[in-house]
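# Working through the structure, step by step
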Amino acid sequence: MIERQKKILQLLDMSGERLHRLLARLTRREDVVGDLLQELFIRLWNSKTFDNAEDPFAYAYRAAINLAFEWRRKQKARCQPLEENCPAASDSSSALGKMIQAEELEQVLNATSKLTDLARDVVVMRYIEQDSYEEIAQRLGKKPQYMRALCAKAMARLRELLASEKR
Amino acid sequence: MSEINEKEIKRRFETISKFEQGSEVTARDLEKVRKRLAEQTSGQRPGEQKIWRIIMKSKITKAAAAAVIIVAVILGLNITGGPDIAGVTWAEVIEKVEQISALTYDMTAEISYPENKKLSFQSENYVAGENGCRIDMYMNGELFMQKYRLPKEKVAYRIGPKEKTYSRFVLSESQAETESDFPRQWVKIILSEDYTKLGRGNINGIDVEGVEVHNSELLEGDEGVVRLWVDIETNLPVRMELEGKMMMDAGAKRPTKFVMDDFQWDVELDESVFEPNIPEDYRLIIEEKLDEQKSTQVEQKPTRLLTDTEKDDQPMAKEVVRKLLQACANKNWDEFSDLWPGLSLNKMQKIYLGGLEIIQIGEPFKTDDSATWYVPYQIKLKLGEVRKRNLRVRYDETTKRFVACGGL
């Protein structure tokens, strides 16, 4: 247990900021990120399987993605975008533009939550965290080519999901 | 709204990826986590404390709680309270997986060879009842085989993208009805065995509870362990593992590990997932009807009258079938091999046939002048399927006895 505690505190020091940023990007809610980060570390604290994780950061990273999408699923009320922190889109100078952009971002995140867990994680790592296929493969213990193929399929599925939502 | 193409989706992701939260907010939130973890270390878990405080307020509950603690101390149990109170309802797991109409999962198989050499492949699996199932298999990151099983069309495909080849197999009615849904079969088998609870764990942020079975039926006599991890919130499996030394090739036992994970239970799978879409330049290398289809066709042919000698042989043909099915019922695979020379059942076939129940064995008949006899039988497999077919039996001149040769 003491080993686990050390490992978690080290993880918090080394990667807490990155995990915080990831949760913020996936929830787009400043007011919930802190709570989710606490929840994430408490889960790791109580997790026996975390002890055996070869790469604690990779484990926590996936757990954070899962937690954020779990939150999204449970969320009934619409998310309030972090407007002031979002970079402005070309047409987002107006209030309407901002609303449209926020809606678009929510749509793509909600569609991502409908992918399989693995595909969802790969999409987040590739397109939101902008990791290379090699990094993703290493983190997930799979082959880069497989990650590439999975990403392509996930993208096709996202197009379908977003198109059906549009109809 | 702009057209939703790949470029547009990537643009939206890019917008999300550019988000950076203020360093003050991050520092504040990280500090809160540190405090919370410090509370954990000192044993003060606010949530738990609150629950215990509420429970201990009531006099009646206080007495009951005291009694539980005493019993727990005597029995050496560990009461952790709080979130550990709710757990997996194991009886509900099978019921829940049975209700699911479609699922996807990943499977990794790893076989170890001497000198630290390993053979591993991964597969993505799609299962959707009567719409079919599909397996995409990868080795070294490359797609090397795709399998489709389409019960509605009563056909199965095996496609080799590297060789640009494919095989097409026509399925019989009962083959089309047979489930090839390993996760559900595994769950049923594991939970029907004498399992040991492993307690709580966490897999990729999901709180799970596990069970394990040593030398499970799934290992078919080999040594090893099978584990099942179930989401405590949904009662649905999250991960299944099979680890042991298993007979793989040329009689050698190899350390082998199978892992099924990344389950998506009850997903919506578009019909297009089950369309093989074989490119025109792919070469058809095998096109065949499977054994059972042949025997079904034979059944439709008129039976012919038996000669007096054949009438004498009829009980022996029937007896071979009875012994063969009984061998499956008793999982006596040596006896099975003796009665069906040349047929080597794989692990999944043994799991499928092992423990079956014989419902009926009919009178052997012949349709032509060949040495083949057809013996009608009806069995109930352990996983519930009732199978009604004709088993093919022939007289083997070399060994001077009847042996089975098809139709199971």
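Procedures and definitions
Residues numbered from 1 in each chain as written. Chains lettered and ligands numbered in written order. Predicted model: local features only at pLDDT ≥ 70, side-chain atom pairs only at ≥ 80, totals over all residues. Helix = DSSP H or I, 4+ residues; strand = E, 2+ residues; numbered from the N terminus. Buried ≥ 20, exposed ≤ 12 C-beta atoms within 10 Å, placed from the backbone. Contact = placed C-beta atoms within 7 Å. Pairing = 2+ DSSP bridges. Axes fitted to C-alpha atoms, helices over the stretch in contact; angles between N-to-C directions. Nonpolar A, V, L, I, M, F, W, Y, C, P; charged D, E, K, R; others polar. Expected span 1.5 Å × (residues − 1). Core = buried A, V, L, I, M, F, W, Y, C linked by C-beta atoms within 7 Å. pLDDT = per-residue confidence, 0-100. Parallel < 35°, antiparallel > 145°, perpendicular 65-115°, else oblique. Left-handed = near helix turned anticlockwise from the far one by under 90°.

Our next topic: the overall build of chain A. For chain A, the helix and strand inventory stands at 8 helices and 0 strands. Element order for chain A, N to C, with α for helix and β for strand: α-α-α-α-α-α-α-α. Considering chain A as a whole, with its 167 residues, one finds that 41% of them fall into the buried category. In chain A, of all internal contacts separated by at least 6 residues, the share reaching a separation of at least 24 is 64%.

In this section: the overall build of chain B. Summing up its helical and strand segments, chain B has 11 helices and 16 strands in all. The burial tally for chain B puts 28% of its 408 residues in the buried class. Counting only contacts in chain B whose residues sit at least 6 apart along the sequence, the fraction spanning at least 24 positions is 50%.

Let us now look at the sheet that holds strand S15 (residues 386–396) of chain B. Residue and element names in this part refer to chain B. With antiparallel pairing, 4 strands are arranged side by side in an open sheet as S13-S14-S15-S16. Pairing within the sheet leaves two strands with one partner each, and these edge strands are strand S13 (357–361) and strand S16 (401–406). Averaged over all adjacent pairs, the angle separating strand axes in this sheet is 40 degrees, with direction ignored. As paired elements, S13 and strand S14 (residues 372–380) share 4 bridges and run antiparallel to each other. The residue of S14 that forms the bridge with Ile361 is Tyr377.

Much of the literature gives interface size as the accessible area that the parts lose upon coming together. Every contact between the two is made by 42 residues of chain B and, on the other side, 56 residues of chain A. Secondary structure elements with two or more residues in the side of chain B that touches chain A: helix H1 (6–17), helix H2 (23–41), strand S1 (103–113), strand S4 (142–150), strand S7 (196–203) and strand S11 (252–265) of chain B. Tallying contributions element by element places H2(B) first for the side of chain B that touches chain A, with 11 residues. The class makeup of the residues in the side of chain B that touches chain A is 13 nonpolar, 16 polar and 13 charged.

Backbone phi values are negative for most residues with the exception of glycine, while trans is the configuration of most peptide bonds. One non-glycine residue, A:Arg28, lies in positive phi territory at about 55 degrees. On the secondary structure map, A:Arg28 appears in the loop between helix H1 (2–27) and helix H2 (30–45). Here the phi dihedral of B:Asn277 falls at roughly 45 degrees; this positive angle occurs in a residue that is not glycine. By the element assignment, B:Asn277 lies in the loop between S11 and strand S12 (283–289).

As a further point, take the pairing of strand S8 (residues 206–214) of chain B. Residues and elements named next belong to chain B. Within S8, 7 of the 9 residues are buried, which leaves it mostly tucked inside the rest of the structure. Examined bridge by bridge, S7 and S8 share 7 bridges and lie antiparallel to one another. For Ile203, the partnering residue across the bridge sits in S8 and is Ile206. The turn linking S7 back onto S8 is made up of 2 residues, and Asn204 within it adopts a positive phi angle of 50 degrees. In the sheet, S8 pairs with strand S9 (residues 224–231) via 7 bridges, with the strands oriented antiparallel. Directly across from Glu209, in S9, lies its bridge partner Val230.

Moving on to helix H4 (residues 56–74) of chain A. Taking 1.5 Å as the rise per residue, H4(A) with 19 residues should run 27 Å; its terminal C-alpha atoms sit 27 Å apart, in good agreement. Along H4(A), the residues that are buried comprise A:Tyr59, A:Ala60, A:Tyr61, A:Arg62, A:Ala63, A:Ala64, A:Ile65, A:Asn66, A:Leu67, A:Ala68, A:Phe69 and A:Trp71. Residues of H4(A) that are buried make contact with H1, H2, helix H3 (48–51), helix H6 (117–128) and helix H7 (133–140) of chain A together with S8 of chain B.

Let's shift gears to the nonpolar core. Core analysis: the largest hydrophobic core is formed by 58 residues, its most contacted members being B:Ile190, B:Val230, B:Val320, B:Val321, B:Leu324, B:Val375 and B:Val393. For B:Val320, the residues in contact, after removing those within four places along its chain, are B:Leu339, B:Val393, B:Phe402, B:Val403 and B:Ala404. Counting 57 residues, the second largest nonpolar core, distinct from the first, contains A:Leu118, A:Ile136, A:Leu162 and B:Tyr138.

Overall, the predicted model of chain A reaches an average pLDDT of 81, with 84% of residues at or above 70. By mean pLDDT, the top-scoring element of chain A is H6(A) (92), and the lowest-scoring one is H3(A) (76).

Turning our eyes to something else, we now look at the environment of B:Glu233. Residues and elements named next belong to chain B. You can see Glu233 is positioned in the loop between S9 and strand S10 (237–249). Judged by local crowding, Glu233 falls into the exposed class, with 12 C-beta atoms found within 10 Å. As for Glu233 and Val88, which are separated by 145 residues in sequence, their C-alpha atoms are 7.5 Å apart.

Another aspect to go through is the packing of H1(A) against H2(A). Residues and elements named next belong to chain A. Contact geometry for H1 and H2: axes closest at 9 Å, N-to-C directions at 135 degrees. In this view, H1 runs oblique relative to H2, as classed from their interaxial angle. Of the two elements, H1 crosses H2, and the hand of that crossing is right-handed. Counted together, Ile8, Leu12, Leu19, His20, Leu23, Ala24 and Thr27 of H1 and Val32, Val33, Leu36, Leu37, Leu40, Phe41, Leu44 and Trp45 of H2 form the full contact between these two elements. Among the residues making up the contact of H1 with H2, the classes are represented as 13 nonpolar, 2 polar and no charged.

So, on to the environment of B:Met316. Mapped onto the elements of the fold, B:Met316 is located in helix H9 (residues 308–329). The spatial distance from the C-alpha of B:Met316 to the C-alpha of B:Val403 is 9.8 Å, given a sequence separation of 87 residues.

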